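Results of the structural survey
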Protein chains: 2
Amino acid sequence: MIFKQQWTGYRIENGIRGNGFPARVPGNIQYDYAVAHDFADVMYADGCRQFEALENDTWEYRARLQFTAKGGERVHFFSHGIDYKYDILLNGKTLLSREGVFCAVDLDLTEHLTGEDELCVRIHPHPKRIGADYGRSEADHSCKPPVCYGWDWNPRLLISGMWQDAYIETRGADYIGECEVRYQFNADRTRADVTVDCPDGCTITLSDADGNVVCRGTEKQFSIVAPHLWWCNGQGVPYLYTWTVANATQSRTGKVGFRTVRLVRNEGAGDPEAFPKSRYAPPFTLELNGRRVFMKGTNWVNPDIFWGNVTDGRYERLIALAKDANMNIFRMWGGAGPAKRSFYDMCDAAGLLVWQEFMLGCNDYPDDPHYLAVLEEEATFIIRALRSHACLALWCGGNELFNGWSGMTDQSLPLRLLNSLCYTLDPAHPFLMTSPLMGMGHGGYMFYDPSKEMDGDVFEVFGRSRYTAYTEFGIPSMASMEILEKIIPADERFPVTETPSWLLHHGLRAWKPQSHICPEVLRHYWGEPTSLEEMVEHTNWLQCVGYRVSFEEMRRQWPHCSAAINWCYNEPWYTAANCNILSYPETPKPAYYAVMDALRPVLFSARIPKFDWRAGERFTAGIWLLNDAPTAASGDVKVTLRIGERVIDLLDWKAAYAPANENTEGAQVCCILPDIPASEMTLCLTASDGMSSEYRLLYHPAEIQVKKVKLLNQ
Amino acid sequence: MIFKQQWTGYRIENGIRGNGFPARVPGNIQYDYAVAHDFADVMYADGCRQFEALENDTWEYRARLQFTAKGGERVHFFSHGIDYKYDILLNGKTLLSREGVFCAVDLDLTEHLTGEDELCVRIHPHPKRIGADYGRSEADHSCKPPVCYGWDWNPRLLISGMWQDAYIETRGADYIGECEVRYQFNADRTRADVTVDCPDGCTITLSDADGNVVCRGTEKQFSIVAPHLWWCNGQGVPYLYTWTVANATQSRTGKVGFRTVRLVRNEGAGDPEAFPKSRYAPPFTLELNGRRVFMKGTNWVNPDIFWGNVTDGRYERLIALAKDANMNIFRMWGGAGPAKRSFYDMCDAAGLLVWQEFMLGCNDYPDDPHYLAVLEEEATFIIRALRSHACLALWCGGNELFNGWSGMTDQSLPLRLLNSLCYTLDPAHPFLMTSPLMGMGHGGYMFYDPSKEMDGDVFEVFGRSRYTAYTEFGIPSMASMEILEKIIPADERFPVTETPSWLLHHGLRAWKPQSHICPEVLRHYWGEPTSLEEMVEHTNWLQCVGYRVSFEEMRRQWPHCSAAINWCYNEPWYTAANCNILSYPETPKPAYYAVMDALRPVLFSARIPKFDWRAGERFTAGIWLLNDAPTAASGDVKVTLRIGERVIDLLDWKAAYAPANENTEGAQVCCILPDIPASEMTLCLTASDGMSSEYRLLYHPAEIQVKKVKLLNQ
C-alpha cells in the first residue's frame, strides 16, 4: 500500500527557520517558496534573478506520519530521487545522509515509528566548490548537474528538493519489489533467453502486443522463440511485450522489447594511408538488430528550469513531436543527466532510441575519492534502472569532456569508473567516454561565421566536412513575437541591445558576443534590421533553411557519416533566441517543420554550395534521392528555380531509384542566374508521394549594391 | 620448504604415448623433445620446420613425489606459469584443468598424497581456431600469445609446457605467502601511506638503500615521511627500499620504489581549430613524480623462440644494454605479453620503465564468454603481480588492435574488460586500449619507401611528421656475416634470392616483398649489390644513420611529441635481417651504438632534410642542442662537412644553452656541395664533453651518373 504525504516546506536562512509553506512532491522547494511568497514571473525580464538570494539556504520538507506496523508489515519511505545533498530524519534523528540526484531512496522506518511521527527531508545548500569561478565549475566536484549553474540557454537557477515522486509504502511478506526482465539473443536473433529478476514463487507472464500470452510459469529463466523485434522509428514497429510478475496479492508489470544494438565501424573510416599510422576512428555506426541505421535526431535538454515540475504529459508531447519529425534518437545531454523513469517507458513505446549520458558536462571532474564514491552510487543506480529499456542505444560519460573547455582525458578516473561500471553491469550496450570522440564533430552553432572557427555558411561548412557523425550542430533563431512579448519588456524590445532581459534570455552574449540572435549575421545578409518582426522572420528563415541543408547533407554523407543530431531540441524556459526547434514548453518553431521535412525517410534533396546568390553567378546544385528506409524507393522529380515571377526549368529526373537504406546521387543542375528584381529565390524539387523539397535562398539583383557590414569577428 | 622434481616428458601422438625423455622445468617440452631426439640446429637453414610435426600433439610431464604431510603441514604444487591448456593430475586423477600462460598455479595436494605418488602435467595441443588462416589468427580466440604462430621476425614455432619455475612446497602454520607493499602519496609526495598485505603478526621492516631501518613494527599500515623518490634512467636514482616480512621461522623480502606516474596531455595537442570540432588527442606525456619526461626506449619482444629457456642472466644483459644505451622505457609488446617476474625486479633496479601490454596482438579478439573468462583470470593475475613494481609506467590492451589488420574497436568487450580490471585493481596506473591511439604513430619500417605509404626516406618522413608519440618505427639491417654464416647455407648466401633459409629467417617477404633486407633500397642508393658483405655494410649504414636521425628528430619535436620507441630492441633467434638493434641473443648491431648516441641526455644534433646528396646541391642542416636531462646544459660546437679530404667549416656556435629538459634550436647551416670524387660525406658536430655527433650521408660527385633502379613499388 502506498500513502502520499502532505509536506510543508521551510527555508532556513543563516540558521533561522522561516515559516512553513505548502511544498509539492514531486517539485522543487525553491519553486514552492516562490509561489508562497509571490515572486514575480520567473520568465519575465530579470525575474529569474529573484532566486539568487535563495542559493545558499538550507531547506526542509516535513510531514506527519501516522503508521504502526501491523502483522509483520514493514513501513518504508521511498523516493525516486532527491536533489542534492540531504538528510532524512525521523523525529529529529538522522536515518540517512547522502548526496546525489538520481538514486532512489528506500528507507525502512518500521523500527523507528511510534504511530505519531515527523519525517523530515533536510536539503543542504547547493554544492559550490570553493575557489571555483561563478558558473558550472562550481559543480565540478559533485554529481549535481552543472546546467543549473547557468548555461547559454538555461539561466542560473539553482534548484533542489524532492524532484521525484515519494511516498510511504507498507510491505508485507508478499511484497514484490522492483523486477527486471533481461534477455540474451542467440546469434541470429531467433531465440531470446529471458531471465526475470523477481521474488521466488511468483507467476511470470509474458504477453505479446495483442495481449496473447506467450509464456507463463514460475521459472525465472525461459526462452522465447522468434520474438517480434523492437525497431526504432522509421525502421519498423517498436514492438513491446508485456510482462507481469504476480503472487496471490500483488503484481508488477512492465514492457520488454527484443533487439540488439551495437556500434560498428563507419564505412570508409579506415586506416590512415601513410606511415607513421595512427588508428582508425572509433566505431559510431548504430547497428540495430543487425541492420545499420542512420541516427537522425536531436539533443534533449531538461524540459524545465524547475525539474520537479516536469510531468508525464510534457514528456509525452515532446516525444510525440520527435516521432512526428521522423527522428529516431535523442541524445540525453550530459549537462543535465537522465530524465525520470517514465520518459524511457514512453521512448520504448514510441521507438525513440536514447543515447544516455551521465551527469558530467564541460567540467574537469576530479580523481577524488569522495566524488568517485558518489558517482559510483549514482551511476550504478542509473545503469540498473535503464539497462533493460528497449530504447537504450548507448551510454556516454558526458558532454565535451575531451575539449579544452573541460580538460578531462581518457585517463580521468571518473570516466574509467563509468566504463568499468557499464561493462560490469551492462556489457550489452556500447559505452563512449564522451562526445565528440575522434572523427565526430560538435558545432558550429551559427548560420554563418567568417572566422577561422567556421569559415562560411552552414551550406559550405557541412558541404566540405567529412565526419563520422555530427552529434551537435546548431543554428539559432529568435522566439516568436508572442513569446518575446512575454519575456522582454516593451521598452527594451527594439532595437535589440544588451539590456538585462535580452542578456538573461540568451539573446546576446549567451555564448559568443552576438549569440544567439547574431545581429551581425542579419546585417551581413540584409543590412541593419528595421524591426523586431523582421529579425524574427530572418533568423527563422536562416534556421529553417540551415537545418534543412545540414541534416540533408549529413544524410548524403551516409554511410561514412552515421548520425545527424542537432543542438538542440527543446528548452527549459522561454529563451529570446536559441538553436532549439521547440520553444518552451513544446511549441514548434518554423524550423521544427523544416527538420521534419529533411528527416523524411525518402525525399529528393539538393546539395547547394551556399545560401547567398546574385545575378550573373553560376548557380549549381547536386540532386539526390535520399533513402534511409528499410525498403527501396523510387520516384520522378522536376527541378526548377523560382526567382520572383521567373521559373527556370533545370532537370527532369525520371524513375530515380535508391535501394533500401541507400542514397542515390543524380545529376548536377546549373544555370547562370538572371537579373530579376527579387530578394530571394527558391530551388524546387517537385515530386510525388511527399518526396518534394524546397530551399529558400537569398538572391540579389545585379543593380543593387549589396549592403554588407563587416562582421565583428572578420 | 621447497622441493624440485625430476620430470620426464612424454609425447602423445594420435593418442599413443611415446617413450619418456628428460624434461627441464622451467623449459619447453618441444625443446626437450628435440634435444632428446637429436633434432638438427633449429637456427640453421630450415631447421625450425622440424617442429611443425609436433604441433597437434599432447604432452605430459611426470614426476614421482614422496611426501606425506607432517604435523599439520600442507603440501602444495606451485608453478609460476604453464603454457597453455593443461590438466594437473595426481595418480591419474585430474585436480585442475585450465588454460592460460601467465597465471600461477597453487594446488594443495595434501589430501590426495599417499607417500608414493605420481604428479602429471598434461599439456593439450596448441589452440587453433577452426576456420582460421594459418598464422596468428589461429590464436584469436585464446590468450596464447600469437607471436608463436609466426611473425615477421619469429618463425612459426609453437611451444608449450612448464615454461616457468615449479616445485613442491610444504607449508606450516607459519607460512608466509606472497606479500605486497603498496602506498599512496600525499599531493606533494612528502608522505607515503604504506599498506602491507601479509599475514597478521609478522614483523615488517623497511630499510633504505644503505640498509638503514626506516620503519619496523607489526602494523600493516604506516607512513613514510619524505621518502627518496624512484626515478627512471637519466632522471635520477632508481631508489629502492627493501621490505621484509618475517615471523619466527619464515620471511619474505622485496623492494619498493616510491614514485607517481601519470599520462598528461601533450603540449600543443589542443582542440581542433574549426567547427565541427572533434576532441583533442589522448594524453601521452609521461609525468614521473610530477616531472614531464620524454620516453625514449624500445620495443621488447620475447628474447627466445623457446620462452622456457630465458634465464635471469639473459634478462640482466638485455636490461643493462638498454640502460647503457640511455633508454628509459621498454614497451612490452602485446603479441608476446609479460615476461617472467624477475624481469620486473631488474627493471625496478635499473630504472627502466615498463609499458606493459596484455597478450593481444594484431587479432580481432571476440566478445565471447569463454575467451573473456580466460582473459579475466590471466589479466587479474598479471595486474596483481606487477602493479607494485616501481618500473610499471602504464598498462595497454595490446598491439595495433585499432588498425585494419586487427579489427577491434573501443567497444570490443575484451578491451573494456581490461580497462575495468585495471581500473578496479590498479587505478594508479594509466591504461590504453591499444597502441597506436589517435595522434600516435606506428611505422614506417623501411629506410626509404617512395610509395604513398611512406613517401621518402626516414629523414623526410619524420621531418614532416607531427605525432604526439612514435611508439613503433623501424629501420632494418642485416645480421653480421658471422651470424649469417650460422643460419644461411653457403650455397644460398649470394646472390640473395628467395631460398627457404632467407625466407624463413625473414630476409625476404617477411612483411612487404622486399623486407627486411630491402634489396631494392640498396639498388636505389648503390646499384646492384656485388657481395653479401657489401649488403651487410650498407644495410647497417642505413640503420645506423636512420635510427640516429629518427630518434633525434622525435626528441626535437618535444614537448608536443613525448615518446620515441623504436621497433624493435631484441630478437628471439638469429634473423637474417630485422629492425632490431641487438642480434640474438644479445649482441649489439652497429645501430645499437648509434641509438645510444642519439639518446645521450645532452647532445648537439642536426636536422638534415635527406640522406642522399650530390655535388652542386644546396646542403642545409638545422643545428640543435638537445637536452632531456633534469639540469640545464651548455657547450660549444663546431659544425663541419667532410667530403673525402675536403673539410668545409659551417658554423661555430658558442655557449649554446638549453634549460633542463628543453631543447634549443640554433642556426641553420648551408653550403653548395662541391664536386669531389667521394661516395659519402659526413656532417660533424664537434663539441666537448661527449656532446659531439656525426652523420654519415650519401654523396655523389657530379660526373658520375647515379645508378638508380626503379623500385618495385614506385
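Just so it is clear, the model here is predicted, and its values are computed rather than measured.

Describing the overall build of chain A
Per the secondary structure count, chain A includes 11 helices and 43 strands. At 27 Å, chain A has a C-alpha radius of gyration in line with the 27 Å of a compact globule built from 714 residues. Overall, the C-alpha framework of chain A stretches about 90 × 65 × 50 Å when taken along its three principal axes. Across the 714 residues that make up chain A, the buried fraction comes to 52%. By sequence separation, contacts in chain A at least 24 residues apart represent 72% of the contacts at least 6 residues apart.

Thoughts on the packing of helix 10 (residues 532-556) of chain A against helix 11 (residues 590-598) of chain A
Residues and elements named next belong to chain A. Contact pair helix 10 / helix 11: the axes reach a minimum separation of 8 Å and the direction vectors enclose 20°. Between helix 10 and helix 11, the interaxial angle falls into the category roughly parallel. Viewed along their axes, helix 10 and helix 11 form a crossing whose handedness is right-handed. Each of Asn 540, Gln 543, Cys 544, Tyr 547, Arg 548, Phe 551 and Glu 552 in helix 10 lies in contact with helix 11, whose residues at this interface are Pro 590, Ala 591, Ala 594, Val 595, Asp 597 and Ala 598. Considered class by class, the residues forming the contact of helix 10 with helix 11 number eight nonpolar, two polar and three charged.

Focus on the sheet that holds strand 37 (residues 612-614) of chain A
All names here are of chain A. One open sheet accounts for five strands, arranged 37-43-42-39-40; its pairing is mixed. A strand with exactly one partner marks an edge of an open sheet, and here the two such strands are strand 37 and strand 40 (646-658). On average, adjacent strands in this sheet sit at an angle of 30° to one another, irrespective of strand direction. The pairing of strand 42 (residues 680-687) with strand 43 (residues 693-700) spans six bridges and is classified as antiparallel. Bridge pairing in strand 43 links Glu 680 to Leu 698.

Describing the pairing of strand 8 (residues 93-100) of chain A
Residues and elements named next belong to chain A. Here strand 7 (residues 84-90) pairs with strand 8 via seven bridges, running antiparallel. Bridge assignment links Tyr 86 to a residue of strand 8, and that residue is Arg 98. Connecting strand 7 to the next strand, strand 8, in antiparallel fashion are two residues, including Asn 91 with a positive phi near 55°.

Topic: the relation of the copies chain B and chain A
If you rotate chain B by 180° and push it 0.0 Å along the axis, it lands on chain A with an RMSD of 0.1 Å. In symmetry terms, the pair is related by a two-fold rotation axis. Rotation axis and chain B: the residue whose C-alpha lies nearest the axis is Ser 420 of chain B, separated from it by 2.1 Å. Taken together, the interface assignments show that 100% of the residues at the interface of chain B recur at the interface of chain A, consistent with an identical surface on both copies.

With respect to helix 3 (residues 341-350) of chain A
Residues and elements named next belong to chain A. Those residues of helix 3 that sit buried are Phe 343, Tyr 344, Cys 347, Asp 348 and Ala 350. Buried positions along helix 3 lie against strand 18 (251-256), helix 2 (312-324), strand 24 (353-361) and helix 4 (369-386). Looking one or two residues beyond helix 3, the residue adopting positive phi is Gly 351, at roughly 80°.

Brief notes about helix 9 (residues 519-526) of chain A
Residues and elements named next belong to chain A. Along helix 9, six of the eight residues are buried, which leaves the element largely enclosed by surrounding structure. Considered for burial, the residues of helix 9 that qualify are Pro 519, Glu 520, Val 521, Leu 522, His 524 and Tyr 525. Where helix 9 is buried, its residues meet strand 28 (448-449), helix 10, strand 37 and strand 43.

Quick word on the nonpolar core
Nonpolar side chains in soluble globular proteins tend to be buried together. Residues Leu 352 and Val 354 of chain A together with Leu 352 and Val 354 of chain B are the most contacted members of the largest nonpolar core, which totals 459 residues. Contact partners of Leu 352 of chain B, with chain neighbours within four places excluded, come to Asn 233, Ile 319, Ala 322, Lys 323, Met 327, Asn 328, Ile 329, Phe 330, Cys 347 and Cys 391 of chain B.

Section: the interface of chain B and chain A
With 48 residues of chain B in contact, the opposing surface of chain A contributes 48 residues. When residues of the side of chain B that touches chain A are traced back to their parent elements, those giving at least two are helix 5 (413-425) and strand 27 (440-442) of chain B. Ranked by the residues each element gives to the side of chain B that touches chain A, the list is headed by helix 5 of chain B, at seven residues. Among the residues forming the side of chain B that touches chain A, the class breakdown is 23 nonpolar, 15 polar and 10 charged.

Details of the pairing of strand 14 (residues 203-207) of chain B
Residues and elements named next belong to chain B. Because side chains alternate across strand 14, one face comprises the buried residues Ile 204 and Leu 206, and the other comprises Thr 203, Thr 205 and Ser 207, none of which is buried. As defined by bridge partners, strand 14 adjoins strand 17 (residues 241-246) across five bridges and the pair is classed as antiparallel. The residue of strand 17 that forms the bridge with Ser 207 is Thr 242. Sheet analysis places strand 14 next to strand 15 (residues 213-217), joined by four bridges and oriented antiparallel. Within the sheet, the bridge partner assigned to Leu 206 lies in strand 15 and is Cys 215. What sits between strand 14 and strand 15 in their antiparallel hairpin is a turn of five residues, with Gly 211 showing a positive phi close to 90°.

Considering the environment of Pro 585 of chain A
Residue and element names in this part refer to chain A. The topology assignment puts Pro 585 in the loop between strand 34 (582-583) and strand 35 (587-588). On the basis of neighbour count, Pro 585 is assigned to the partly exposed category, with 19 C-beta atoms found within 10 Å. The spacing of Pro 585 and Pro 572 is 13 residues in sequence and 7.1 Å in space, taken between C-alpha atoms. Those residues within four positions of Pro 585 in sequence are excluded, and the remaining contacts are Pro 303 and Arg 314.

Let's talk about the packing of helix 2 of chain A against helix 3 of chain A
Between two packed helices, what matters for the description is the angle formed by their axes and the separation of those axes. All names here are of chain A. Taken N-terminus to C-terminus, the directions of helix 2 and helix 3 make an angle of 30°; their axes are 10 Å apart at the nearest point. In terms of orientation, helix 2 and helix 3 fall into the roughly parallel class. Here the hand of the crossing between helix 2 and helix 3 comes out right-handed. Note on element contacts: helix 3 touches helix 2 through Ser 342, Phe 343, Met 346, Cys 347 and Ala 350, opposite Asp 312, Tyr 315, Glu 316, Ile 319 and Lys 323.

Details of unusual backbone geometry
With glycine set apart, most residues show a phi of negative sign, and most peptide bonds adopt trans. Pro 276 of chain A follows Phe 275 of chain A through a cis peptide bond whose omega is -10°. Within the secondary structure, Pro 276 of chain A is located in the loop between strand 19 (261-264) and strand 20 (285-288). A cis amide bond, omega -5°, links Phe 494 of chain A with the succeeding residue Pro 495 of chain A. In this structure, Pro 495 of chain A sits in the loop between helix 7 (481-487) and helix 8 (500-504). Look at Glu 400 of chain B: it is not a glycine, yet its phi comes out positive at around 50°. Residue placement: Glu 400 of chain B occurs in the loop between strand 25 (392-399) and helix 5. Residue Glu 400 of chain B is classed as buried on the basis of its 25 C-beta neighbours within 10 Å. A positive phi is found at Asp 455 of chain B, a non-glycine position, where the angle reads about 60°.

Points about the confidence of the model for chain A
Residue and element names in this part refer to chain A. When pLDDT is averaged along chain A, the result is 96, and 98% of the positions lie at 70 or above. Here residues 706-714 is a poorly scored stretch, pLDDT under 50, and it has 14 contacts once near neighbours within four places are set aside; other chains count. For this predicted complex, the interface confidence reaches an ipTM of 0.96, while the overall pTM sits at 0.97.

Side note on the sheet that holds strand 19 (residues 261-264) of chain B
Residue and element names in this part refer to chain B. Reading across the sheet, the three strands line up as 19-20-21 and stay open at both edges, with antiparallel pairing between neighbours. The strands lining the two open edges of the sheet, one partner per strand, are strand 19 and strand 21 (291-293). Each strand of the sheet is rotated relative to its neighbour by a mean of 40°, with strand direction disregarded.

Considerations on the domain arrangement of chain A
Residue and element names in this part refer to chain A. Entries for chain A in the domain assignment read domain 1 (2-171), domain 2 (180-261), domain 3 (328-435), domain 4 (439-599) and domain 5 (602-700). Across the boundary between the two partners, domain 4 contributes 15 residues, which contact 15 residues of domain 5. Only helix 6 (458-464) and helix 10 provide two or more residues apiece to the side of domain 4 that touches domain 5. Ranked by residue count, the leading element in the side of domain 4 that touches domain 5 is helix 10, at eight residues. Classifying every residue of the side of domain 4 that touches domain 5 gives six nonpolar, one polar and eight charged.

Some points on the environment of Tyr 525 of chain A
Residue and element names in this part refer to chain A. Mapped onto the elements, Tyr 525 comes out in helix 9. In this structure Tyr 525 comes out as buried when scored by C-beta crowding, with 20 C-beta atoms within 10 Å. Remark: the alpha-carbon pair of Tyr 525 and Asp 612, spanning 87 residues in sequence, is separated by 7.9 Å. Ignoring anything within four residues of it in the chain, the contact list for Tyr 525 reads Asp 612 and Leu 698.

Parameters at a glance
Residues numbered from 1 in each chain as written. Chains lettered and ligands numbered in written order. Predicted model: local features only at pLDDT ≥ 70, side-chain atom pairs only at ≥ 80, totals over all residues. Helix = DSSP H or I, 4+ residues; strand = E, 2+ residues; numbered from the N terminus. Rg over C-alpha atoms; globule rule 2.2 N^0.38 Å. Buried ≥ 20, exposed ≤ 12 C-beta atoms within 10 Å, placed from the backbone. Contact = placed C-beta atoms within 7 Å. Axes fitted to C-alpha atoms, helices over the stretch in contact; angles between N-to-C directions. Parallel < 35°, antiparallel > 145°, perpendicular 65-115°, else oblique. Left-handed = near helix turned anticlockwise from the far one by under 90°. Nonpolar A, V, L, I, M, F, W, Y, C, P; charged D, E, K, R; others polar. Pairing = 2+ DSSP bridges. Least-squares fit on C-alpha atoms with pLDDT ≥ 70 in both. Core = buried A, V, L, I, M, F, W, Y, C linked by C-beta atoms within 7 Å. pLDDT = per-residue confidence, 0-100. Domains from an automatic or database assignment.

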